[in-house]
Amino acid sequence: MLSATSVRADGDLVQIRLRLTAMAEVLEVRRHALACDLESMQEEVLDELDRAQRVSEINFATALESATVDASAQLAHAIDVLDAGGYGLCEDCGARISAARLSFRPESTRCLTCQDRADSKRSGA
Ligand SMILES: [Zn+2]
C-alpha cells in the first residue's frame, strides 16, 4: 500500500495514468448519455406549458455536456503531459503542483495560482 507521502516513482505514474484514463472513459460515457438525452428532449413534442420547462432543461444539459467536453480535453492533455514526463509540474510557471491538489484533481496541469489566473482570463474577468 502506497502512503500519500511516498516519493512519486514510475509505478505511481502508471497508477495516475490508469486513473486519468478511467476518468476519461467515465466522462465519455456521461457525454454520450447527455447527447442522447438532448436528442430525445428535442424530438419530443410538448404542449406550450411544458415547452418553457423543457428549454431550461435543454440549456442545462447543453451546459453540462460542454463542461464534460472541456473536462475530457483537460484529461487528455494531462495524459499527454504525463507521457512527456512533465506530470506534477505547472505548465505555466514550472512550480511543483501540490500533492493535495493532484490527489483531488489528478488532471491538473497548473498550480493553483496559475489555474486561477487562467480561469479568470478565460471568463473575461
Ligand atoms: Zn504555476
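Residues numbered from 1 in each chain as written. Predicted model: local features only at pLDDT ≥ 70, side-chain atom pairs only at ≥ 80, totals over all residues. Heavy atoms only, no water.

Undergrad: Just to check I follow, could you spell out the coordination of the zinc ion for this structure?
TA: For a metal with four tetrahedral donors the ideal donor-metal-donor angle is 109.5 degrees, whereas six octahedral donors ideally subtend 90 or 180 degrees. Surrounding the zinc ion are the protein donor atoms Cys90 (SG), Cys93 (SG), Cys111 (SG) and Cys114 (SG), at 2.3 to 2.4 Å. Of note is the zinc ion, whose four donor atoms meet at the metal with angles of 103 to 116° in an arrangement that counts as tetrahedral. In the primary sequence, the donor residues of the zinc ion line up as C-x2-C-x17-C-x2-C. Placement of the pair is Cys90 in the loop between helix H2 (48-83) and helix H3 (99-104) and Cys114 in helix H4 (residues 112-122), with a sequence separation of 24 residues. (Donors = N, O, S within 2.8 Å, 3.2 Å for Na, K, Ca; no water. Tetrahedral: all angles 85-135°; square planar, octahedral: opposite > 155°, others 65-115°. Helix = DSSP H or I, 4+ residues; strand = E, 2+ residues; numbered from the N terminus.)

Undergrad: Can you walk me through helix H1 (residues 10-43) in this structure?
TA: Three or four residues apart is the spacing at which side chains of an α-helix point the same way, because the helix has 3.6 residues per turn. Helix length check: H1 (34 residues) gives 50 Å between terminal C-alpha atoms against 50 Å at 1.5 Å per residue, within 8%. When we look at burial in H1, the residues that qualify are Asp12, Ile16, Leu20, Leu27, Leu34, Leu38 and Met41. The inward-facing, buried residues of H1 abut H2. (Expected span 1.5 Å × (residues − 1). Buried < 20%, exposed > 50% of the residue type's maximum accessible area, 1.4 Å probe, protein only. Contact = heavy atoms within 4.5 Å.)

Undergrad: Explain H4 here, please?
TA: Along H4, the positions that sit buried rather than exposed are Cys114, Gln115 and Ala118. The buried residues of H4 occupy an angular sector of 100° when the element is viewed end-on, so they sit on one face. Among the exposed residues of H4, those oriented more than 90 degrees off its buried face are Leu112 and Thr113. The secondary structure elements touched by the buried residues of H4 are H3. (Arc of directions from axis to C-beta.)

Undergrad: Please explain the nonpolar core as it appears in this structure.
TA: A general tendency of soluble globular proteins is for nonpolar side chains to be buried together. In this structure, Ile16, Leu20, Leu82, Tyr87 and Cys90 are the most contacted members of the largest nonpolar core, which totals 13 residues. Secondary-structure elements contributing two or more residues to this core are H1 and H2. A total of four residues in this core trace back to one element, the largest contributor, which is H2. For this core, the two domains that each supply at least three residues are domain 1 (10-87) and domain 2 (88-125). Not counting chain neighbours up to four residues away, the residues in contact with Cys90 comprise Ala95, Ile97, Thr109, Arg110, Cys111 and Cys114. By size, the runner-up hydrophobic cluster in this structure holds five residues, among which are Leu38, Met41, Ile58 and Ala61. (Core = buried A, V, L, I, M, F, W, Y, C linked by side-chain atoms within 4.5 Å. Domains from an automatic or database assignment.)

Undergrad: Explanation requested: the confidence of the model for the protein in the structure shown.
TA: Segments scoring low in pLDDT should not have their predicted coordinates read at a detailed level. With 92% of its residues at a pLDDT of 70 or more, the protein shows a mean pLDDT of 89. Note on residues 1-7: pLDDT is under 50 here. Beyond four places in sequence and across chains, it has three contacts. (pLDDT = per-residue confidence, 0-100.)

Undergrad: Quick question: what am I supposed to make of the pattern of salt bridges here?
TA: Pairing is possible between side chains of opposite charge, provided their charged atoms come close. For the coordinates displayed, the defined rule picks out eight salt bridges. Arg54 serves as the salt-bridge partner of Glu44, at 3.0 Å between the closest nitrogen and oxygen. Taken as a pair, Glu44 in the loop between H1 and H2 and Arg54 in helix H2 lie far apart in primary sequence, ten residues in all. Assessed through its relative accessible area of 45%, Glu44 is described here as partly exposed. The salt bridge partner of Arg122 is Asp119, with a shortest N-O separation of 3.6 Å. A residue pair is termed a helical-turn pair when its members lie 3 or 4 positions apart in one helix, as Arg122 and Asp119 do in helix H4 at three residues. Assessed through its relative accessible area of 67%, Arg122 is described here as exposed. (Salt bridge = Lys/Arg side-chain N within 4 Å of Asp/Glu carboxyl O.)

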